[in-house]
Amino acid sequence: ARVRVPTTMNAICVDRRQWRALGVPRALGESSDALADAYVEMGAKPTYTCAPYLLEPAPKAGQMIAWGESNAVVFANSVLGARTLKYPDYLDILVAITGRAPAADCYLTERRRATIRFDLPRLNGLDDLFFPLLGYHIGKIATNEIPLICGLESHAVSHDDLKAFGAAFATTSAAPMFHMLGVTPEASTAEAVLGGAFRVVKITREDLAETWAELNIAKTPDVDLVALGNPHFSLTEIEALAGLCAGRGKAKGVRLVVTCGRDVFSQAEAAGFIDSVRAFGGEVLNDTCWCFIGAPVVPAPARNIATNSGKYAHYGPPATGKPFHFASLARCVEAAATGWIDTTLPGWCRAVG
């Protein structure tokens, strides 16, 4: 079979260019290579990224696409304004081969309306941890509903923030998209996206603090591995990481590993960001993602893992058998440099005076 529409590939189980050097078992590495080659032979592009919206050109508003990776589906529908369902494995490649998809759900305008509205408290001093934490929390409530989030209209919300929010939201909710008032393209007004009947949920700082505690299950502040890039880091995220790493070095016995797509890696390498991360002692992997990564990249003796990903803070503990710290990028880099992480509740999450 051959694909008849442009087709990209999700992350796979290994970094195709490094798995042997990393000590990945031959059976896993060779099987992953063979599977990837089979899709390439059908005409899929060897992108190997769970963040295809970072590739050029990104889908446009209103464009009909068919994606499978949950964070990518949510980002495409919500942030880009493209239209896709959440496709499981095998159905996605059948859509690519036929160029046809079911005319249902989020392909249809009336099925993109919100049925639940979330009102946020007044918040100040937000850092990058806020958005994955909020996405994870809202997903637990809107498990099958498209939400409208209100209260961030006066904040500068970046694509990286929306990426982190959407990935964590897609971890706890089956809904294929969200709206954020005054931020996402279809939510210029609440009336534009709310359905005829909707319920209202008020979120408090105490709610967010409870979810923060839910994701921070490590009992001690020591850190052996800092895991970044779930979903794959963007160029601006790698730039931020490089800035935090500049002029510093990691602590002995601690690993800092970041994953990103090949396209972003090439851009980051040309800009000197990869050199900065490596000078710190960090490692950069392509092709694979933390949802697939185990030993030996995750060292067997490692005790606690730190991540800034709400998605990996959820999937990581059962996948690795390790306790996790969920923290901002700055705290994660500090943990890599010292071997210890700041376990205090973020300031924006604390009850007001």
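Now for a description of the structure that goes with this document. If you're wondering where the values come from, they're calculated on a predicted model, not measured in any experiment.

1. What to know about the packing of aromatic side chains
Then step 1. All told, the structure shown has eight aromatic pairs when counted by the stated rule.
Then step 2. Plain terms: the ring middles of Tyr 53 and Phe 75 are 4.1 Å apart, the flat faces sit at 20 degrees to each other, and that makes the pair stacked. Note that Tyr 53 is positioned in the loop between helix H2 (26–41) and helix H3 (70–80) and Phe 75 in helix H3, a separation of 22 residues in sequence. Residues Tyr 53 and Phe 75 agree in their burial class; the two are buried.
Then step 3. Aromatic pair Phe 130 and Phe 131: ring centres 5.0 Å apart, planes at 85 degrees, arrangement edge-to-face.
Then step 4. Judged by relative accessible area, which is 0%, Phe 130 ranks as buried.

2. Comments concerning the sheet that holds strand E4 (residues 194–202)
Then step 1. With parallel pairing, four strands are arranged side by side in an open sheet as E3-E2-E1-E4. Edge positions in the sheet fall to strand E3 (179–180) and E4, since each of these pairs with one other strand and no more.
Then step 2. Strand direction decides the pairing type here: strand E1 (residues 114–119) and strand E2 (residues 147–150), joined by four bridges, are parallel. The residue of E2 that forms the bridge with Ile 116 is Pro 147.

3. Description of the environment of Gly 347
Then step 1. On the secondary structure map, Gly 347 appears in the segment after helix H13 (329–338).
Then step 2. When the C-alpha positions of Gly 347 and Asn 124 are compared, they lie 8.7 Å apart, and in sequence the two are 223 residues distant.

4. Observations concerning unusual backbone geometry
Then step 1. The omega angle of the peptide bond from Glu 56 to Pro 57 is -5 degrees, so this bond is cis rather than trans.
Then step 2. Here Pro 57 lies in the loop between H2 and H3.
Then step 3. In this structure, the amide linkage connecting Ala 295 to the following residue, Pro 296, adopts the cis form with an omega of 5 degrees.
Then step 4. Among the secondary structure elements, Pro 296 is positioned in the loop between strand E7 (283–285) and strand E8 (305–307).
Then step 5. Positive phi, normally seen in glycine, also occurs at Asp 287, with a value near 75 degrees.
Then step 6. Along the polypeptide, Asp 287 turns up in the loop between E7 and E8.

5. Some details on H3
In an α-helix there are 3.6 residues to a turn, and that puts residues three or four apart on one side.
Then step 1. For H3, a buried count of 10 out of 11 residues is recorded, marking the element as mostly surrounded by other parts of the structure.
Then step 2. On its buried side, H3 packs onto helix H6 (159–172) and helix H12 (310–320).

6. A look at the environment of Leu 80
Then step 1. As for its position among the elements, Leu 80 is in helix H3.
Then step 2. Ignoring any residue separated from it by four or fewer positions in sequence, one finds Leu 80 in contact with Tyr 53, Ala 58, Pro 59, Lys 60, Ala 61, Phe 75 and Pro 185.

7. Regarding the nonpolar core
Then step 1. The biggest cluster of nonpolar side chains holds 45 residues, and the ones touching the most others in it are Phe 130, Leu 134, Ile 149, Leu 152, Phe 165 and Phe 178.
Then step 2. Breaking this core down by element, the ones donating at least two residues are H3, E1, helix H5 (130–141), H6 and helix H8 (205–215).
Then step 3. In terms of residue count, H3 provides more of this core than any other element does, seven residues in total.
Then step 4. Ignoring any residue separated from it by four or fewer positions in sequence, one finds Phe 165 in contact with Phe 131, Pro 132, Leu 134, Gly 135, Ile 138, Ile 149, Phe 178 and Met 180.
Then step 5. Counting 30 residues, the second largest nonpolar core, distinct from the first, contains Phe 233, Leu 241, Val 258 and Cys 260.

8. Digging into the pairing of E1
Then step 1. Where E1 meets E4, five bridges bridge the pair, whose relative direction is parallel. Looking at the pairing, Phe 118 lines up with Val 201 of E4.

9. A look at the side chain of Lys 322
Then step 1. The residue Lys 322 is located in the loop between H12 and strand E9 (324–326) in this model.
Then step 2. Here Lys 322 sits buried without a salt bridge, and the closest side chain of opposite charge, Asp 224, lies 7.6 Å off (N-O distance).
Then step 3. A polar atom in the side chain of Lys 322 sits 2.7 Å from the backbone oxygen of Ala 300.
Then step 4. Excluding residues within four positions of it along the chain, Lys 322 makes contact with Val 298, Pro 299, Ala 300, Pro 301, Ala 302, Arg 303, Ile 305 and Pro 317.

10. Considering the side chain of Asn 286
Then step 1. Structurally, the position occupied by Asn 286 is in the loop between E7 and E8.
Then step 2. At a separation of 3.1 Å, a polar atom in the side chain of Asn 286 contacts the main-chain carbonyl oxygen of Cys 260.
Then step 3. In contact with Asn 286, other than residues within four places in its own chain, are Val 14, Asp 15, Arg 17, Cys 260, Gly 261, Arg 262 and Phe 265.

11. Observations regarding the packing of H6 against H12
Then step 1. The interhelical angle for the contact between H6 and H12, taken along N-to-C directions, is 40 degrees, at an axis separation of 7 Å. Between H6 and H12, the angle is such that the two are oblique. Residues Ala 167, Ala 168 and Thr 171 of H6 form the contact with H12, whose own contacting residues are Gly 310, Lys 311, His 314 and Tyr 315.
Then step 2. Residue composition of the contact of H6 with H12, by class: three nonpolar, three polar and one charged.

About the thresholds
Residues numbered from 1 in each chain as written. Predicted model: local features only at pLDDT ≥ 70, side-chain atom pairs only at ≥ 80, totals over all residues. Heavy atoms only, no water. Phe/Tyr/Trp six-rings, centres within 6.5 Å; stacked < 30°, edge-to-face > 60°. Helix = DSSP H or I, 4+ residues; strand = E, 2+ residues; numbered from the N terminus. Buried < 20%, exposed > 50% of the residue type's maximum accessible area, 1.4 Å probe, protein only. Pairing = 2+ DSSP bridges. Contact = heavy atoms within 4.5 Å. Core = buried A, V, L, I, M, F, W, Y, C linked by side-chain atoms within 4.5 Å. Lys, Arg positive; Asp, Glu negative; His and termini not counted. Salt bridge = Lys/Arg side-chain N within 4 Å of Asp/Glu carboxyl O. Polar contact = N/O pair within 3.5 Å; in protein donor to acceptor, adjacent residues only side chain to side chain. Axes fitted to C-alpha atoms, helices over the stretch in contact; angles between N-to-C directions. Parallel < 35°, antiparallel > 145°, perpendicular 65-115°, else oblique. Nonpolar A, V, L, I, M, F, W, Y, C, P; charged D, E, K, R; others polar.

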